[in-house]
Structures are given as C-alpha cells and as structure tokens.
Amino acid sequence: MCTYYEVPGREQLVLHFGDVPEEEWRDKMSPLYRGPFLRAKGEAGRELVVGQWGMIPPHSKTHIPTGKDGKRLSTFNARREGMAKSWTYGGPWRKGQRCIIPAQLYVEPYWGTKKHIPWQFERADGEPWGLAGLWSEWTDPATGEVLPSYTMITQNCDDVPVLNLMHRPDPKRAPDKQDKRTVVPLEKGDWDTWLHGTIEQAEALIKVPPLELFVHRAKDLAQLLELPVESACLNP
C-alpha cells in the first residue's frame with residue numbers, strides 16, 4: 001500500500017493538471033490529509049479539486065472512515081480486484097467517479113534489510129505522476145459541509161522486478177503468491193479516457209508501466225549504505 005506521496009508544486013500543477021483550487025492542501029501527503037485530485041467536469045472537461053485522502057464510506061458518521069459496525073476503516077488504497085463490489089468503492093466505480101492524483105513522487109517500503117527503508121519513485125522524464133483513483137462526496141451530518149474524498153487504486157505486482165521487492169514479505173505465502181501491491185500510473189494521453197471513458201476502457205488502463213519510466217532510490221540516501229550488496233540493482 002502507498003501511505004505517502006508528495007504533491008507537485010503549484011507551477012507543475014497548473015502546467016499539467018489545470019487551474020489550482022482555492023482550498024489549502026498538504027504538500028506531503030499521508031492518509032486523512034487533504035490533497036488535490038483531478039476529476040471529470042461535464043461531458044469532456046476536468047477540474048482540480050481538494051479532498052481527503054481516504055474515501056469516506058456511505059453513512060459514515062464522521063469524516064474518519066468507519067464501516068457499518070462503526071469500526072474505523074483504511075480507505076486510502078483500493079484493491080482493483082475487489083473495488084467493484086466494495087461497499088465503499090463500488091458506487092463510485094460503477095458511477096464512473098474516477099480521478100487522477102497528482103504526485104511528484106510516492107514512497108513504498110523496501111524490505112531488503114532487517115528493517116524497511118522508505119523507497120521513493122519518480123518519473124524518469126521529471127514530470128509528475130498521474131495516479132489512478134476514485135472519488136466520492138460525503139455530507140457532514142453535523143454541519144452540512146460537503147467533503148470530497150478519494151482513494152488510490154492498487155494492483156498486483158508479484159511478477160514485476162523492483163516493485164515486487166517493496167512491502168514486507170508474508171512468510172506464509174509462496175514467493176510468487178505474495179500479492180505485493182503497487183499504484184496505477186496513467187500516461188497523460190490516457191487521462192481523458194480514464195476520466196470520461198467506459199468501465200471497460202478504464203479497466204484496460206489498470207496495468208504496470210514499463211520500468212524504464214521509473215527513477216527510484218532510498219528516500220534517505222544515507223540508508224543506501226545499509227543495503228546488502230545483492231540489492232545494488234535497486235539503485236537508479
């Protein structure tokens with residue numbers, strides 16, 4: 001799961017995603033912070049809005065996501081395999097409430113040592129990522145405020161070099177059945193299809209891009225010294 005990413009600067013947002021909204025957001029994003037996301041506007045347009053990272057389920061009594069039983073939920077990442085039938089994500093997916101999340105970089109935990117190392121991923125061309133997500137709106141029963149929220153879609157990457165080294169291995173699973181997860185980067189030429197296309201067209205865009213697109217390293221360069229020699233292939 002991705003639990004941290006950084007929002008591009010305002011100049012990059014305007015250049016790649018459009019006019020920035022007036023609301024404030026966090027540049028360094030963690031779950032339940034408010035960040036910008038791109039969604040469809042009308043039949044062919046799009047708009048950048050600010051919402052909570054962590055989708056608020058229907059009938060949640062608070063902006064902190066809770067289930068029907070009142071227990072807190074983790075809703076900042078949506079598994080692509082089950083989101084269509086999910087109580088939280090199913091409605092937005094069926095209604096075409098897809099979004100694109102601007103990220104200059106995102107971070108995953110690399111577990112090649114005794115403790116995990118935060119490992120950051122950027123685009124090799126220097127442009128920001130457009131990560132696939134879903135969005136919804138929730139009305140605060142106490143104040144009547146309408147709060148947008150969003151989630152980041154994840155996909156399996158068990159067979160993808162480098163990406164399958166992220167996240168803690170499950171000792172109870174076979175090496176090829178770990179269900180390692182990664183985000184869904186979308187190329188700019190596919191953004192309109194993701195926002196306005198059919199469910200079938202959107203499904204076809206959920207895939208891992210070529211590794212040549214990535215530049216990656218330990219977020220703290222000093223931690224590279226902790227890596228074993230056999231992990232040198234991770235260095236960009």
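Overview of the structure.

Criteria and thresholds
- Residues numbered from 1 in each chain as written.
- Predicted model: local features only at pLDDT ≥ 70, side-chain atom pairs only at ≥ 80, totals over all residues.
- Heavy atoms only, no water.
- Helix = DSSP H or I, 4+ residues; strand = E, 2+ residues; numbered from the N terminus.
- Contact = heavy atoms within 4.5 Å.
- Polar contact = N/O pair within 3.5 Å; in protein donor to acceptor, adjacent residues only side chain to side chain.
- Pairing = 2+ DSSP bridges.
- Buried < 20%, exposed > 50% of the residue type's maximum accessible area, 1.4 Å probe, protein only.
- Arc of directions from axis to C-beta.
- Core = buried A, V, L, I, M, F, W, Y, C linked by side-chain atoms within 4.5 Å.

Attention shifts here to the environment of glutamine 155. Mapped onto the fold, glutamine 155 is located in strand S10 (residues 146-156). Sequence separation between glutamine 155 and alanine 78 is 77 residues, and the spatial gap between their C-alpha atoms is 8.8 Å. In this structure glutamine 155 touches Arg80, Lys180, Arg181, Thr182, Val183, Val184, Pro185, Ile206, Lys207 and Val208, once residues within four positions along its chain are discounted. Separated by 2.9 Å, the side chain of glutamine 155 and the backbone oxygen of valine 183 make a polar contact.

In this section: the sheet that holds strand S1 (residues 4-6). Pairing is antiparallel across the open sheet formed by 5 strands, whose spatial order is S2-S1-S7-S8-S12. Of all strands in the sheet, those with a lone pairing partner are strand S2 (28-29) and strand S12 (214-218), marking the two edges. Where S1 lies against S2, 2 bridges are found, and the strand directions are antiparallel. Counterpart to tyrosine 5 in the pairing with S2 is methionine 29.

Within the sequence span of helix H1 (residues 10-17), burial applies to Leu13, His16 and Phe17. The buried residues of H1 occupy an angular sector of 90 degrees when projected down its axis, which confines them to one face. Seen from the open side of H1, the exposed residues pointing more than 90 degrees away from its buried face are Glu11 and Leu15. Close packing links the buried residues of H1 with strand S3 (34-41), strand S4 (45-53), strand S6 (98-103), strand S9 (129-139) and helix H3 (191-196). Looking one or two places after H1, you find glycine 18, whose phi comes out positive at around 110 degrees.

Grouped together as the largest cluster of nonpolar side chains are 53 residues, with contacts concentrated most on Tyr5, Tyr106, Tyr150 and Trp194. Once residues within four sequence positions are removed from consideration, tryptophan 194 is found in contact with Trp93, Arg98, Cys99, Ile100, Ala132, Gly133, Ile153, Leu186, Ala202, Leu205 and Ile206.

Along the chain, histidine 167 falls in the loop between S10 and strand S11 (181-183). Given the relative accessible area of 13%, histidine 167 is considered buried. Those residues in contact with histidine 167, other than ones at most four positions away along the chain, are Met1, Glu108, Pro109, Trp111, Lys180 and Arg181.

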